[in-house]
Amino acid sequence: MRVVFLGGLGEIGRNCACIEVDGRILVLDCGIMFPDPDMPGVDLVLPDFSYLREHADRVDGIVLTHGHEDHTGGLAYLLRDLSAPIYGSALTLGLARNRIDEAGLSDRATFVPVADGERITIGPCDVEFIPVTHSVPHAMAIAFHTPQGIVLHSGDFKIDLEPVDGRRTDLAHIGALASSPGIRLLLSDSTNAEEPGFTLSESTVGHTLRRLFMARPGKRLIVACFASHIHRIQQIVDAAVASGRHVATIGRSMAKNIELAHSMGLLTFPDGMLVDIDDIDKLPIGEVCVISTGSQGEPMSALSLMATGDNRRIKIERDDVVIISAHPIPGNEWSVGRVIDDLHRRGAEVIHSGAEQVHTSGHARQGELRTLLALTKPDAFIPVHGEYRHLVHHAALATSMGVPPGQVLLCEDGDAVRLEADGLHRDGAVPGGYLYVDGTVGDVGHGVLRDRRALAEEGVVMVVATVDLHLGQVGHPPQIFTRGWVHAPEAEDLLEEASAVVATAIEKAMADGARDVEVLSSHVRKSLGKFVGDRTHRRPMIVPVVLAV
Ligand SMILES: [Zn+2]
Ligand SMILES: [Zn+2]
């Protein structure tokens, strides 16, 4: 059996792997990554699907661990290339369908809901779905029963002993599999592998929220969290009920997910408790709790618009309390900080995870990772789901827990491994790079991003020169246009000088015999670049346009 990693090893996001038995392929998760600040204009990043596209006829199914977008968001793109049944818990499938339906690709797949503990045959092997706790309900670890023994993938997990819905990580069953027939290979979530101790239970957040709500009678509460974090939403609702408040929601995905979870019985609230956001002004402000999207400071989200005073429905006032019930994902700290500042400017009280226990992670820390390793006693181990340093720390944990060092493999996106009777081996590599989506898929590459970064940081200088190739002369003085180098109306002298420099360079090149427009363009780029650098110590993009007459 083979495992091929297409994403998620070296970044948080675009989790995707292939579990291969006898040449048949099961795809395990298919996620997106949100772009880094150094990817200007990119909407999202996908795994490179070329390996799957090439072997589409060998794909027997797609198995989902849970409904987060870093595990399901890529399906709306993968299904263009191949069609296969998709397996996951009913909630996972419901969440995953959002993007698939929007892309109009629902008929490219059949959705097969699986229950906790269910074991089914998909293609060449039995696949077992084992309950785990995480920051979205009904997350699963997955055991693949292969001819080489059990390959266990933890999914995203924590070991929460007091989960909000009472559904615990099924340690007993994992232990049973480990004692017979044993776990050959463990793939486990590395997100919090640098953090010692144990992740706090989700239910601790509920206690904090209730205390904060109770201590603020007469105040309107606005709580932002992830729209898929149904357990968090449940605890916000419970705290609202306990403090005599009604709940309204704002943000499209929040309304959608609450409706989905409510219809499945995963979210409960008293009749008449939910009110429309447009009706909250009819209630005394002390009886209102609004659950909002935007906990990551996303610029167009409901919370960001409230912070800047641009939200049509909610104007933040002095008696408002805003609770940000999330932790900024690395890269979002700055945006979240700005939202917090803007909310303070409007006079609101802002409570965030830096000050109160209004958030806890959905991922296992070292104590829980060690517990899983102790329980499974795997013959071989590969850390997954993390940035590179997380993988390194998790690999060290595994060795310290007794997995033979030669059987702990540190893999990256694109790597393949093979599990045989004598152990785990590396087995080459497939394309594993980033696939950028900016409106369309794939036509933005590294070159385009490099240009965008240069434009963003240094601006552009464009020069249009007309030359008479026969006379070897420059026509009118070359025209210089710029954005982001200097502000043109205030720099006329500089632009005139630049124009003269370009004219001289062209005439000199033609005097030396150059008649080719490309060659002349390169002289223009070089001379103007040097002038710009000497005079302003900047390196904007130079775009020469030489027109021959
Ligand atoms: Zn997750
Ligand atoms: Zn994840």
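This is a predicted model, so every value here is computed, not measured.

A.B. asks: How should I be thinking about the environment of Phe-5 in this particular structure?
C.D. replies: Mapped onto the elements, Phe-5 comes out in strand 1 (residues 2-7). For the pair Phe-5 and Ala-488, spaced 483 residues apart in sequence, the C-alpha to C-alpha distance is 50 Å. Sequence-distant contacts of Phe-5, that is, excluding residues within four places in its chain, are made with Cys-16, Ala-17, Leu-187, Ile-382, Val-384, Cys-411, Glu-412, Asp-413, Gly-414, Asp-415 and Val-417.

A.B. asks: Can you walk me through the packing of aromatic side chains in this structure?
C.D. replies: For any pair of aromatic rings, the description consists of the separation of the ring centres together with the inter-plane angle of the planes. A complete count under the given rule lists one aromatic pair for this structure. Across the ring face of Phe-111, the terminal group of Arg-97 is positioned such that the distance to the ring centre comes to 4.3 Å.

A.B. asks: Whenever I open this one, the coordination of the zinc ion (ligand 2) confuses me. Can you help?
C.D. replies: Four donors placed tetrahedrally around a metal ideally meet at 109.5 degrees, and six donors placed octahedrally ideally meet at 90 or 180 degrees. Every protein donor of the zinc ion (ligand 2) is listed here as Asp-70 (OD), His-71 (NE2), Asp-156 (OD) and His-385 (NE2), and their distances to the metal cover 2.1 to 2.2 Å. Donor residues for the zinc ion (ligand 2), ordered by position in the chain, follow D-H-x84-D-x228-H. A separation of 3.4 Å is found between the zinc ion (ligand 2) and the zinc ion (ligand 1), which are bridged by Asp-156. With Asp-70 in helix 2 (residues 69-72) and Asp-156 in the loop between strand 12 (149-153) and helix 5 (171-179), the pair connects residues that are 86 residues apart, well separated along the chain. Comparing Asp-70 with Asp-156, the two get one shared label, buried.

A.B. asks: Would you mind showing me how to read the coordination of the zinc ion (ligand 1) here?
C.D. replies: In this structure, His-66 (NE2), His-68 (ND1), His-134 (NE2) and Asp-156 (OD) serve as the protein donors to the zinc ion (ligand 1), at separations of 2.1 to 2.4 Å. Angles of 89 to 167 degrees at the metal separate the four donor atoms of the zinc ion (ligand 1), which places the site in the irregular class. Taken in chain order, the donor set of the zinc ion (ligand 1) reads H-x1-H-x65-H-x21-D.

A.B. asks: Is there a simple way to think about the sheet that holds strand 10 (residues 125-132) in this case?
C.D. replies: By definition, the strands of a sheet pair up through backbone hydrogen bonds, in either a parallel or an antiparallel sense. Pairing in this open sheet of six strands is mixed, and the strands run 9-10-11-12-13-19 from one edge to the other. At either end of the open sheet lies a strand with only one pairing partner, and these are strand 9 (119-122) and strand 19 (380-384). Geometrically, the sheet is characterised by an average inter-axis angle of 20 degrees between neighbouring strands, direction not taken into account. Two strands pair when backbone bridges link them, and strand 10 and strand 11 (residues 139-146) are joined in this way by seven bridges, in the antiparallel orientation. Opposite Pro-131, over in strand 11, you have Met-140 as the bridge partner.

A.B. asks: Could you clarify how one ought to interpret the pattern of salt bridges in this entry?
C.D. replies: Here the idea is simple: oppositely charged side chains can pair when their charged atoms come close. Per the stated rule, a full pass over the model turns up 32 salt bridges. A salt bridge links Asp-413 to Arg-14; the shortest N-O distance between them is 2.9 Å. Of this pair, Asp-413 sits in the loop between helix 12 (388-400) and strand 21 (415-420) while Arg-14 is found in the loop between strand 2 (9-10) and strand 3 (16-21), placing the two residues 399 residues apart along the sequence. For the residue pair Asp-413 and Arg-14, the accessibility class agrees, reading buried in each case. The partner of Glu-69 in a salt bridge is Arg-99, with the nearest N and O atoms 2.5 Å apart. Placement of the pair is Glu-69 in helix 2 and Arg-99 in helix 4 (residues 90-102), with a sequence separation of 30 residues. A single salt-bridge network, built from bridges that share partners, covers Arg-2, Glu-20, Arg-58, Arg-418, Glu-420 and Asp-427.

A.B. asks: I keep staring at unusual backbone geometry and nothing clicks. Help me out?
C.D. replies: Excluding glycine, residues mostly carry a negative phi; peptide bonds, for their part, are mostly trans. Note that the residue after Ser-180, namely Pro-181, is joined by a cis bond; omega there is 10 degrees. A positive phi angle, near 55 degrees, is found at His-385, a position not held by glycine. With respect to the helices and strands, His-385 occurs in the loop between strand 19 and strand 20 (386-387). For His-385, a relative accessible area of 5% corresponds to the buried category.

Calculation criteria
Residues numbered from 1 in each chain as written. Chains lettered and ligands numbered in written order. Predicted model: local features only at pLDDT ≥ 70, side-chain atom pairs only at ≥ 80, totals over all residues. Heavy atoms only, no water. Helix = DSSP H or I, 4+ residues; strand = E, 2+ residues; numbered from the N terminus. Contact = heavy atoms within 4.5 Å. Phe/Tyr/Trp six-rings, centres within 6.5 Å; stacked < 30°, edge-to-face > 60°. Lys NZ or Arg CZ within 6 Å of the ring centre and 35° of its normal. Donors = N, O, S within 2.8 Å, 3.2 Å for Na, K, Ca; no water. Buried < 20%, exposed > 50% of the residue type's maximum accessible area, 1.4 Å probe, protein only. Tetrahedral: all angles 85-135°; square planar, octahedral: opposite > 155°, others 65-115°. Pairing = 2+ DSSP bridges. Axes fitted to C-alpha atoms, helices over the stretch in contact; angles between N-to-C directions. Salt bridge = Lys/Arg side-chain N within 4 Å of Asp/Glu carboxyl O.

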